[in-house]
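Here is how the chains run, residue by residue.
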Amino acid sequence: VQGRDGPANAGRLCVKGRFGYDYIHHADRLTTPLVRRPGVPKQMPEAGADWRATFREASWDEALQLAAGGLAQLRDAHGPKALAGFGSAKGSNEEAYLFQKLVRTGFGSNNVDHCTRLCHASSVAALLEGVGSGAVSNQVSDALAAECIFVIGANPTVNHPVAATFIKNAVRRGARLIVADPRRTELTRLATHALQFKSDSDVAMLNALLHVIIAEGLVDERFVRERTTHFDELAANVAACSPEAMAPICGIDPDTLRAVARLYASSRASIIFWGMGISQHVHGTDNVRCLISLAMITGQIGRPGTGLHPLRGQNNVQGASDAGLIPMMLPDYHRVADPANLTRFERLWGATLDPTPGLTVVEILHAARARTIRGMYIMGENPAMSDPDLSHAREALASLDWLVVQDIFPTETASMADVILPASAFAEKTGSFTNTDRMVQLGRAVLAPPGQARQDLWILVQMARRLGLDWRYEEPGEVFEEMRSAMDSIRGISWARLQREGSVTYPCDAEDHPGQPVVFIDHFPTADGRARLVPASFSPGNEPPDSDYPMVLITGRQLEHWHTGAMTRRAQVLDALEPAPTVSMHGDDLARLGLAPGAMVRVASRRGQVTLAVRRDDGTPIGGVFIPFAYREAA
């Protein structure tokens, strides 16, 4: 595939975009509806198992009637809160919007969520609390306008390769790069400062930077006075967090901490990028609170080349969240518990809505295991591979009375289903997607779904009708226009404009408005227009290394594979490059354990074990192991 010269990527593609397109033609594609055979237990199939022993083919009419009917029976017998839905951050905005609307109006509760709970939920929580918005303040390409770039808890060259090219370009133009991560990644080769801090010590290190900025008078006093609150509490909290005090905790020497703080604070424009390396912790929200404070006390926000940018996990995490695919928020982040918000959407949708926030992904699976959630509808998500405690997640899915899965492949989650509905891949659907830069972009179908597979939008409408909803949507444009009436952020982006221009950045409140690539220019979307500085104190994680389990497990992606591997492991070139899971370790640890690269090792945690080939990677910290999470063999 060649990269189109679009506004987000300027013709650039990563290896997955260039070579990972052929999975849509894989022989594993689901092409007909499937129904579980009576009496077949719900359990993970062996590799290569014949699905025909577990499922039989069905017509669409039968499959839809069974799928919706089973959910409706549970709703009527046990109440609306006995059902839950997982939507998809890989599908379109229109699909995400309809899915959450179906759960809220068809099931009757807010038990709807998607993968953001497993990636940037802590980031969004801190951003909503601090600046009133969970969206990025500046676009990735704004790195080109920065004088200082701070990347923490992210490996962009692997996870966001196109974004990484803008960072590399900026460094070659003279920008100074700070990379903070327990692993030494490829980007550290270009870094002015590479902070390989001890795992779990993020807050200690960031508080040391805040201490230096305040103690050395590097604060933007006018910005703090006019646009923030609670500075005194923050200053008091970090008063004892000198680099000398924090260095033994985080493993970075005091002089380096001081140099980094001075560079970030004194640069003309400094921008922060972060990923799931700092958000997926018990103190993930505290980590992001510290980053917000760094930007606020130095005035490094609201201008080109500055700001806060959480790099998103899946292609439409931003859009799915915007569309309301989260349990405590309606579209555009209107809280479900606010009566005014509820009234607005009840009028729009012609339905009575539940004012109680729903359960999250993690809570839903706990509730399924406890049998308070009895039925689920899962579209394009694979929690039997992506959830953190897989034994628990799989037991929870197997405990359900009724599970409907809508997907393009027979995923691990689909193996637990009662009904499987074959859906459409990205190349087979027209719809809008919102990327990490807040760009609402139009995707156009170029292929028809194979066999009897159908458009996700069509399937959602058919399911809704059988759940008692009078839905008449025929085209994605109809859904998008309804979204506009529900979401002020995209009010100025009509479907006709999107078809004409291809991409428009929100917020955009009028059709003649070009959109806002930089936000928070003169105020924040909080009640008083100011950012709130929230102090965070260091505390260790819940499970530090001990004599039984002395090493730290780090998980993440590989360049060639994505998420749970359902798609990229079915792409011929990508699978040939990285066909099997490995465990990476530092050379010193290999020597200490008497291991050679390529040897098979058993990796055990409190929750499970796996045998893998070991790979030498001196970027992995001593005392740590890295395992990519795309492999079912190493889940």
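Provided above is the structure to which this section pertains.
The text that follows walks through the structure, step by step, so that each part is easy to find. Numbering of residues starts from 1 in each chain and follows the order in which that chain's sequence is written. A pLDDT threshold of at least 70 governs which residues receive local features in this predicted model, and a stricter bar of 80 or more applies before side-chain atom pairs are shown or counted, although totals over entire chains, interfaces and linings include all residues. Water and hydrogen atoms play no part in the side-chain values, which are based on all heavy atoms of the structure.

## Some points on the sheet that holds strand β15 (residues 419–422)
Spatially, β2-β1-β15-β14-β13-β3-β4 is the arrangement adopted by the 7 strands of the open sheet, whose pairing is mixed. Two strands close off the open sheet at either side, each with one partner strand: β2 (55–57) and β4 (112–113). Note that strand β13 (residues 375–379) and strand β14 (residues 402–407) share 5 bridges and pair parallel. If you follow Gly-375 over to β14, its bridge partner there is Trp-402. Residue contacts are defined here by distance: any two heavy atoms, one from each residue, within 4.5 Å place the two residues in contact. Geometry is summarised by axes, namely lines fitted to C-alpha atoms with helices restricted to the contacting stretch, and by angles between N-to-C directions that run from 0 to 180 degrees. Comment: elements are numbered from the N terminus, with helices defined as DSSP H or I runs of at least four residues and strands as E runs of at least two. In the packing of helix α19 (residues 456–466) onto the sheet, contacts are made with β13, β14 and β15, and the angle to β13 comes to roughly 160°. Strand pairing is assigned whenever DSSP detects at least two bridges linking the two strands.

## Overview of the pattern of salt bridges
Think of a salt bridge as a Lys or Arg side-chain nitrogen and an Asp or Glu carboxyl oxygen that are within 4 Å of each other. For the coordinates displayed, the defined rule picks out 39 salt bridges. We note a salt bridge from Asp-418 to Lys-42, for which the minimum N-O separation is 2.6 Å. Taken together, the residues Asp-418 in the loop between β14 and β15 and Lys-42 in the loop between β1 (34–36) and β2 connect sequence positions 376 residues apart. As far as burial versus exposure is concerned, Asp-418 and Lys-42 are alike and both buried. Each of the salt bridges in this network shares a partner with another, and the network as a whole consists of Glu-216, Glu-244, Arg-258 and Arg-262. Exposure is judged per residue with a 1.4 Å probe applied to protein chains only, and the accessible area is read against the type maximum: over 50% gives exposed, under 20% gives buried, and values in between give partly exposed.

## Quick word on the nonpolar core
For this analysis, a nonpolar core means a set of buried residues of the types Ala, Val, Leu, Ile, Met, Phe, Trp, Tyr and Cys, connected via side-chain atoms within 4.5 Å. Counting 71 residues, the largest nonpolar core has Leu-71, Leu-98, Tyr-377, Leu-421, Met-463 and Ile-493 as its most contacted members. The greatest single-element share of this core, amounting to 8 residues, is contributed by helix α2 (residues 60–78). Discounting chain neighbours no more than four positions away, the residues touching Tyr-377 are Leu-71, Ala-84, Gly-85, Phe-86, Phe-99, Leu-102, Phe-107, Val-404, Gln-406, Ile-459, Leu-460 and Met-463. By size, the runner-up hydrophobic cluster in this structure holds 53 residues, among which are Phe-197, Leu-209, Cys-241 and Ile-272.

## What about the packing of helix α7 (residues 202–215) against helix α10 (residues 243–250)?
The N-to-C vectors of α7 and α10 enclose an angle of 165°; their axes lie 9 Å apart at closest approach. The orientation of α7 with respect to α10, classified from their angle, is roughly antiparallel. Classified by chirality, the crossing of α10 by α7 is left-handed. Contact residues: α7 offers Ala-204, Met-205, Ala-208, His-211 and Val-212, while α10 offers Pro-243, Met-246, Ile-249 and Cys-250. Here the residues of the contact of α7 with α10 sort into 8 nonpolar, 1 polar and no charged. An angle below 35 degrees is treated as roughly parallel, one above 145 as roughly antiparallel, one from 65 to 115 as roughly perpendicular, and anything else as oblique. Should the near helix be turned anticlockwise from the far one by less than a right angle, the crossing is termed left-handed; should it be turned clockwise, right-handed. Charged means Asp, Glu, Lys or Arg here, nonpolar means Ala, Val, Leu, Ile, Met, Phe, Trp, Tyr, Cys or Pro, and polar covers whatever is left, Gly included.

Just distances and angles here, no functional claims.
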